[in-house]
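Given next are the chains, with one letter for each unit.
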Amino acid sequence: FQPKPLAGRKVVLTAGPTFEAIDPVRGITNTSSGKMGYALAQACVRAGAEVVLVSGPTGLSVPVGTQRVDVRSALQMRDAVMAALPGADVFIGVAAVADYRPVEAAEHKVKKSSAEMSLRLTPNPDILAEVAARDDAPFCVGFAAESRDLDAYAEGKRRAKRLPMLVGNLVQDGLGSDDNQVILYDDAGRHPLERAPKTEVARKIVEHLAGLLTTAA
Ligand code: C5P
C-alpha cells in the first residue's frame, strides 16, 4: 500500500543550474547537479501528482512520469515556469538559478588578447519570489543552500520571499552528492531531517509538504 498524498495535484518544479551565455561557446554556471530536484520530481510523481519539471542543463535522465521542459538560462527558466503555472497547486524552486547574467551575449566567439577584460553582469529575476508574489500563487516551496548560519539565512529567505515552506541545507552537506542533510522551515518552526540519500530526503519533503497543503486547504 502506497499512500498518494498529492493525488489530483499539479506540481511545477525547477531543478539544476542555469547557464548564462557569454558567447556561443562560453557561459557562467554553477555546480548544481540537479539530483535533489529530480529526486523531488520523482517523489511527487510517486505521491500521485502531475509533475512539470523545468530543468536547466544536467546529465540526468527524465524521471519517469514527469513532463520535462529543458531550458538553459534563468530568463528561459522563468518563461517556462510561467507557461507551466496555470492550474498548479504547488511550485518548488530547487534550481540553483544564476544570480547574474552577462548584460549581453556576444554573437561570435570572443577572441583573446593581452588586454584585461571585464564582463558586465546584470541581476536575474528571482523566479520563486515572482511566483510567490502572484495573486493566484500556488503553495510555494524554496530551497536555501548556505555555507554558514543556515537557520538565520533560511528563515530570512523564507520570509523575504513569503514562502510557507523552505528546505535549507549546508552546501558542504549536499551540493553534487547523492546524500543530503536538510532542515525544513515553516510557520511552526524548524524540522531537521536525518542525513539520507536524496531520494529518501525527497520523500520526506513531499510528506511534509503534503501535510501543510492539506491543512492550508
Ligand atoms: O538564490 P537563493 O538562495 O535566493 O535561492 C533560494 C530559492 O529561490 C531557491 O528555491 C531557488 O530555486 C529560488 N530562486 C529562484 N530564482 C532566482 C534565485 C533563486 O527561483 N533568481
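Residues numbered from 1 in each chain as written. Predicted model: local features only at pLDDT ≥ 70, side-chain atom pairs only at ≥ 80, totals over all residues.

As recorded in an unreviewed UniProt entry, the protein chain goes by the name Coenzyme A biosynthesis bifunctional protein CoaBC, listed as coming from Aromatoleum toluvorans.

Quick question: what am I supposed to make of helix α4 (residues 150-160) here?
An α-helical segment advances 3.6 residues per turn. Residues three or four places apart therefore align on the same side. Considered for burial, the residues of α4 that qualify are Leu150, Ala154 and Arg158. Mapping the buried residues of α4 onto a view down its axis gives an arc of 55 degrees, with all of them on the same face. When the buried face of α4 is taken as reference, the exposed residues oriented beyond 90 degrees from it are Ala152, Arg159 and Ala160. Each element contacted by the buried residues of α4 is listed here: β9 (139-146), β10 (165-170) and β12 (183-186). Looking one or two residues beyond α4, the residue adopting positive phi is Arg162, at roughly 55 degrees. (Buried ≥ 20, exposed ≤ 12 C-beta atoms within 10 Å, placed from the backbone. Helix = DSSP H or I, 4+ residues; strand = E, 2+ residues; numbered from the N terminus. Arc of directions from axis to C-beta. Contact = placed C-beta atoms within 7 Å.)

How do you make sense of the site of the ligand when you look at a structure like this?
Inspection of the region around the ligand gives 14 residues, with Gly93, Val97, Ile127, Leu128 and Gly142 positioned closest. When residues of the shell around the ligand are traced back to their parent elements, those giving at least two are α3 (127-132) and β9. At three residues, the largest contribution of residues to the shell around the ligand is made by β9. Class assignment of the residues belonging to the shell around the ligand gives a composition of eight nonpolar, four polar and two charged. (Near = placed C-beta within 6 Å. Nonpolar A, V, L, I, M, F, W, Y, C, P; charged D, E, K, R; others polar.)

Is there a simple way to think about the pairing of β10 in this case?
Looking along a regular strand, one sees side chains alternate from face to face of the sheet. Extensive coverage of β10 is indicated by the burial of five of its six residues. As paired elements, β9 and β10 share six bridges and run parallel to each other. In the strand pairing of β10, Val141 is matched with Met165. Taking the sense of rotation as the criterion, the β-α-β connection linking β9, α4 and β10 turns out right-handed. (Pairing = 2+ DSSP bridges. Right-handed = clockwise from strand over helix to strand, strands pointing away.)

Looking at this structure, I do not really get the UniProt feature "binding site: CTP" (unreviewed entry) in the protein chain. What am I missing?
Here the UniProt-annotated "binding site: CTP" (unreviewed entry) positions come out as Asp99, Lys109, Pro125, Asp126, Ile127, Leu128, Phe143, Lys157 and Lys161. For the annotated residues, spread through 63 residues, the largest C-alpha to C-alpha distance comes to 37.7 Å, inconsistent with a single compact locus. Mapped onto the secondary structure, Pro125 falls in the loop between β8 (121-123) and α3. Residue classification places Pro125 among the exposed positions, given that 12 C-beta atoms sit within 10 Å. In this structure Pro125 touches Ala74, Arg78 and Glu130, once residues within four positions along its chain are discounted. Take Leu128: it is sitting in helix α3. On the basis of neighbour counts, which here come to 25 C-beta atoms within 10 Å, the residue Leu128 falls in the buried class. (UniProt positions renumbered as here; feature names shortened; annotations may be inferred.)

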